[in-house]
Amino acid sequence: MLRGEGCIVETRRVTDLKGVFADDAARARCPADRIAYSVQMHRATADGTTGGLFFGVTRIEPGTVGDECFMTRGHFHANADRGEYYWGIEGVGLLVLMTRDRQSSVQRVEPGSLHYIPGHTAHRLINTGEQALAVGACWPSDAGHDYDSIASAGFSVRVYRRNGEISIERVG
Ligand code: F6R
Ligand code: MN
């Protein structure tokens, strides 16, 4: 939980995440008020300003859509060469990284784990655990977000929980 002047929170409900999960019909059946994740953040300067930093904590709830674990939408940065740090605070999950040519890698996120996301690399967090996954982030204030590239082609990895087992599946 972040406290301090200027902290804001953005909430994403499962029903907001059209097209994100493989089984969109299962997503549409989720209760309208079911929260998938929220991002608390502090933006010390105007969005798009070069030279500043933004800071946030993403909290992804435990759960699945069909069998697919709750996750963030995921994005490249609009200013594509901008990098970012993530670090695990609470809970367990995965960070999926993907290059423009769809080469993906997966890192385990747990309390204290540190993850450097290079520029030109899409990133998505996935909660594989049974409690909330909280992850800190720090990124340049001129990074921006490119969600459209992900909306059209998706990530090349999906993560499912079936009978308590986590399954990481390549989807091309
Ligand atoms: C900022 C960043 C995170 C995410 C947050 C939610 O560049 O990577 O703060 O914005 O984890 O994920 P998205 O934005 O993909 O819905
Ligand atoms: Mn980012």
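Residues numbered from 1 in each chain as written. Chains lettered and ligands numbered in written order. Predicted model: local features only at pLDDT ≥ 70, side-chain atom pairs only at ≥ 80, totals over all residues. Heavy atoms only, no water.

A. Region of the structure containing the pairing of strand 9 (residues 114–117). Across the two faces of strand 9 the burial differs, with His115 and Ile117 buried and Leu114 and Tyr116 not buried at all. Bridge count between strand 6 (residues 84–90) and strand 9: four bridges; the pairing is antiparallel. Bridge pairing links Glu84 to Ile117 in strand 9. (Buried < 20%, exposed > 50% of the residue type's maximum accessible area, 1.4 Å probe, protein only. Helix = DSSP H or I, 4+ residues; strand = E, 2+ residues; numbered from the N terminus. Pairing = 2+ DSSP bridges.)

B. Just the coordination of the manganese ion (ligand 2), in detail. Protein-derived coordination of the manganese ion (ligand 2) comes from His75 (NE2), His77 (NE2), Glu84 (OE) and His123 (NE2), at a distance range of 2.1 to 2.3 Å. Around the manganese ion (ligand 2), the six donor atoms are arranged such that angles at the metal cover 72 to 173°; this shape is classified as octahedral. (Donors = N, O, S within 2.8 Å, 3.2 Å for Na, K, Ca; no water. Tetrahedral: all angles 85-135°; square planar, octahedral: opposite > 155°, others 65-115°.)

C. Representation of the site of ligand 1 within the structure. For ligand 1, the set of nearby residues contains 14 residues, the closest of which are Tyr37, Thr58, Gly74, Tyr86 and Tyr147. His77 places a side-chain nitrogen or oxygen 3.2 Å from an oxygen atom of ligand 1. Measuring from an oxygen atom of ligand 1, one finds a side-chain N or O atom of Tyr86 at 2.6 Å. For ligand 1, whose accessible area on its own is 390 Å², the fraction buried by protein is 96%. Of all the secondary-structure elements, those providing two or more residues to the shell around ligand 1 are strand 2 (35–43) and strand 6. Partitioned by chemical class, the residues of the shell around ligand 1 number five nonpolar, seven polar and two charged. (Near = heavy atom within 4 Å. Polar contact = N/O pair within 3.5 Å; in protein donor to acceptor, adjacent residues only side chain to side chain. Areas by Shrake-Rupley, 256 points an atom, 1.4 Å probe, with all protein chains shown as cover. Nonpolar A, V, L, I, M, F, W, Y, C, P; charged D, E, K, R; others polar.)

D. Just the sheet that holds strand 2, in detail. What the six strands build is an open sheet, ordered 1-2-3-11-6-9; its pairing is antiparallel. Looking at the sheet topology across the chains shown, the edges are occupied by strand 1 (7–13) and strand 9. Taking the axes of each pair of neighbouring strands and ignoring which way they run, one obtains an average angle of 20° across the sheet. Sheet analysis places strand 2 next to strand 3 (residues 53–60), joined by seven bridges and oriented antiparallel. Bridging across to strand 3, His42 finds its partner in Phe55. (Axes fitted to C-alpha atoms, helices over the stretch in contact; angles between N-to-C directions.)

Nothing here speaks to function; it is geometry throughout.
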